[in-house]
Amino acid sequence: MTLNVELVSPTQRVWSGVATSISARTTDGDLGVLTGHTPLFGVLVDGVVSITAVDGSTTDFNVSGGFLSVSNNSVSILTETVSS
Amino acid sequence: MGAQLRIYRRRMRSVKATKKITKAMELISASRIVKAQQRVTASTPYANELTRAVSAVATYSSTNHPLTTPSPNPIRAAILIISADRGMAGAYSNNAIKEGEQLATLLRGRGLQTTSYLVGRKAVNYYRFRNRAIAGSWTGFSDNPTYENAKEVADALMVAFLADAQTEIGGVDEIHIVFTEFESMMVQNAQAKRMLPLEVVESDAPVPTGLLPMYEFEPSGEKVLNALLPRYIEARVFNAMLQSAASEHAARRRAMKSATDNADELIKSLTRLANAARQAEITQEISEIVGGADALASASAGSE
């Protein structure tokens, strides 16, 4: 089982694909998402979102605030500005 | 060269020069539509996800957020009109402004006062000429809006909305947006929509179907909504601006195309007139020469 991930900003779709795990920082602290995670909606703070793709490679993105929603093994990360 | 012919030639030259300009503007707009359309498409995933998130939060958290609950006795409404900075786009700006007027009439019919927020020089000039109050105006980016522009506008609207309309002059209870929806290359519609209080059910783009999951909110439903709604408004304003920009280019292309076609027609009929004038001149010259020769011939015949 894998996660379908979409990282989108207002102007473009930054990253989309299949991943095994994601870690991000929400207002409550660091958060890791693996497959089968319960539906969650979190507010992100400025920080790093790292996505581990199925091939094992990890991509880090600096985000400035945003949201993370998890449901049925699909994750969408919405953020205003992204830089990798 | 005859005077008449010279006048026709002069007019043809000026029409040809105008045609070159309109043709160039047509081509420029045509290339920009594509780019503008791509930007609309690129912004759609974000807008869709956000709409989905807002509907999920509003549906499943039992919070009574000020942004989602209509005021019991609203007294003032804000109207955001998105128009163009430059003309030469046919009725594009006018349609948006007119749609805004209709909305204002409708709101006044409900007993509300209206305040106007304007984007684009055309709308600003329209309001200034009529000496109407403008609560806020932004110009200079109508054909290529950035997210920062949208943010600026959305921030001003949020400030007005969060202020208490009963006690403060600048406060509003409702926010409406008037923009031009880009349906296709040939069809663009000026539209008025209510942004706040939210009507979460309606959305521009088809929201991914399927039941919304029971989300767990972190930190809490209300806090999530607090953070989510300003972003949602920004995204809505941004999307409206992008669509309006695409519509503006499409409207300009269409207007310039018909201007070029008209110039072609004009040149054709002027060419006909000039040809007729030239021919008339030649005919007259010939008859003058023949007449002159005749007179000479009969005069010399009489003397012999």
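UniProt, in its Sequence similarities (unreviewed entry) section for chain B, records the words "Belongs to the ATPase gamma chain family." Check the Subcellular location (unreviewed entry) section of the UniProt entry for chain B; it says "Membrane".

Of chain A, the UniProt comment under Sequence similarities (unreviewed entry) reads exactly: "Belongs to the ATPase epsilon chain family." The Subcellular location (unreviewed entry) comment attached to chain A in UniProt states, word for word, "Membrane".

(A) Here's a closer look at the interface of chain B and chain A. Of the residues lining the interface, 23 residues belong to chain B; the matching set on chain A comes to 22 residues. Residue assignment for the side of chain B that touches chain A shows that the elements contributing at least two residues are α1 (3-60), β6 (216-218) and α5 (221-303) of chain B. Looking at which element gives the most residues to the side of chain B that touches chain A, the answer is α1(B), with 9 residues. The class makeup of the residues in the side of chain B that touches chain A is 18 nonpolar, 1 polar and 4 charged. For strand β4 (residues 40-44) of chain A and β6(B), the ladder comprises 3 bridges, and the chain directions are parallel.

(B) Structural context of the UniProt feature "domain: ATP synthase F1 complex delta/epsilon subunit N-terminal" (unreviewed entry) in chain A. The UniProt entry lists residues 3-81 of chain A under the feature "domain: ATP synthase F1 complex delta/epsilon subunit N-terminal" (unreviewed entry), expressed in the numbering used here. The span residues 3-81 of chain A is 0% helix and 68% strand, and its two end C-alpha atoms sit 23 Å from each other.

(C) How the structure looks around the nonpolar core. Residues and elements named next belong to chain B. By size, the foremost hydrophobic cluster in this structure holds 88 residues, and its most contacted members are Leu-80, Ile-81, Leu-157 and Val-178. Top contributing element to this core by residue count: α5, with 18 residues. Residues within four places of Leu-80 in sequence aside, it is in contact with Tyr-117, Val-119, Val-153, Leu-157, Ile-175, Ile-177 and Val-178.

(D) Quick look at the pairing of β4(A). All names here are of chain A. In terms of residue burial, β4 counts as a mostly covered element, since 4 of its 5 residues are buried. Sheet topology note: the β4/strand β7 (residues 66-71) ladder contains 5 bridges and is antiparallel. By the bridge assignment for β7, Leu-40 is matched with Val-70.

(E) Up close: the sheet that holds strand β5 (residues 188-196) of chain B. Residue and element names in this part refer to chain B. Spatially, the 5 strands line up as an open sheet ordered β3-β2-β1-β4-β5, and their pairing is mixed. This sheet does not close on itself; its edge strands, each paired only once, are β3 (136-138) and β5. Between one strand and the next, the sheet's axes are offset by a mean angle of 20 degrees, whatever the strand orientation. Both strand β1 (residues 76-82) and strand β4 (residues 174-182) contribute to a ladder of 5 bridges, which runs parallel. The partner of Ile-79 across the bridge, within β4, is His-176. In the packing of helix α2 (residues 92-109) onto the sheet, contacts are made with β1, β2 (113-119), β4 and β5, and the angle to β4 comes to roughly 150 degrees.

(F) Region of the structure containing helix α4 (residues 147-162) of chain B. Residue and element names in this part refer to chain B. The end-to-end C-alpha separation of α4 is 22 Å, in line with the 22 Å expected for 16 residues at 1.5 Å each. Within the span of α4, buried status applies to Tyr-147, Ala-150, Val-153, Ala-154, Leu-157, Ala-160 and Phe-161. All buried residues of α4 lie within an arc of 150 degrees about the axis, which places them on one face of the element.

(G) Here's a closer look at α2(B). All names here are of chain B. With 18 residues, α2 ought to run about 26 Å at 1.5 Å a step, and its terminal C-alpha atoms sit 26 Å apart, in line with that. Considered for burial, the residues of α2 that qualify are Tyr-92, Ser-93, Ala-96, Ile-97, Gly-100, Leu-103, Ala-104 and Leu-107. Along the axis of α2, the buried residues cluster in a sector spanning 125 degrees; they form a single face. Seen from the open side of α2, the exposed residues pointing more than 90 degrees away from its buried face are Thr-105 and Gly-109. Once α2 ends, the next one or two residues include Gly-111, with phi positive near 85 degrees.

(H) The environment of Leu34(A), seen in detail. Residues and elements named next belong to chain A. If you trace the backbone, Leu-34 turns up in the loop between β3 (29-33) and β4. A count of 15 C-beta atoms within 10 Å places Leu-34 in the partly exposed class. For the pair Leu-34 and Thr-20, spaced 14 residues apart in sequence, the C-alpha to C-alpha distance is 6.4 Å.

(I) Just unusual backbone geometry, in detail. One non-glycine residue, Asn73(A), adopts positive backbone phi at about 60 degrees. Considering the arrangement of structural elements, one finds Asn73(A) in the loop between β7 and β8 (74-78). On the basis of neighbour count, Asn73(A) is assigned to the partly exposed category, with 16 C-beta atoms found within 10 Å. Unlike most non-glycine residues, Met88(B) shows phi in positive territory, near 60 degrees. Classification of Met88(B) by C-beta neighbours within 10 Å gives partly exposed; the count is 15.

So, how was this worked out
Residues numbered from 1 in each chain as written. Chains lettered and ligands numbered in written order. Predicted model: local features only at pLDDT ≥ 70, side-chain atom pairs only at ≥ 80, totals over all residues. UniProt positions renumbered as here; feature names shortened; annotations may be inferred. Contact = placed C-beta atoms within 7 Å. Helix = DSSP H or I, 4+ residues; strand = E, 2+ residues; numbered from the N terminus. Nonpolar A, V, L, I, M, F, W, Y, C, P; charged D, E, K, R; others polar. Pairing = 2+ DSSP bridges. Core = buried A, V, L, I, M, F, W, Y, C linked by C-beta atoms within 7 Å. Buried ≥ 20, exposed ≤ 12 C-beta atoms within 10 Å, placed from the backbone. Axes fitted to C-alpha atoms, helices over the stretch in contact; angles between N-to-C directions. Expected span 1.5 Å × (residues − 1). Arc of directions from axis to C-beta.

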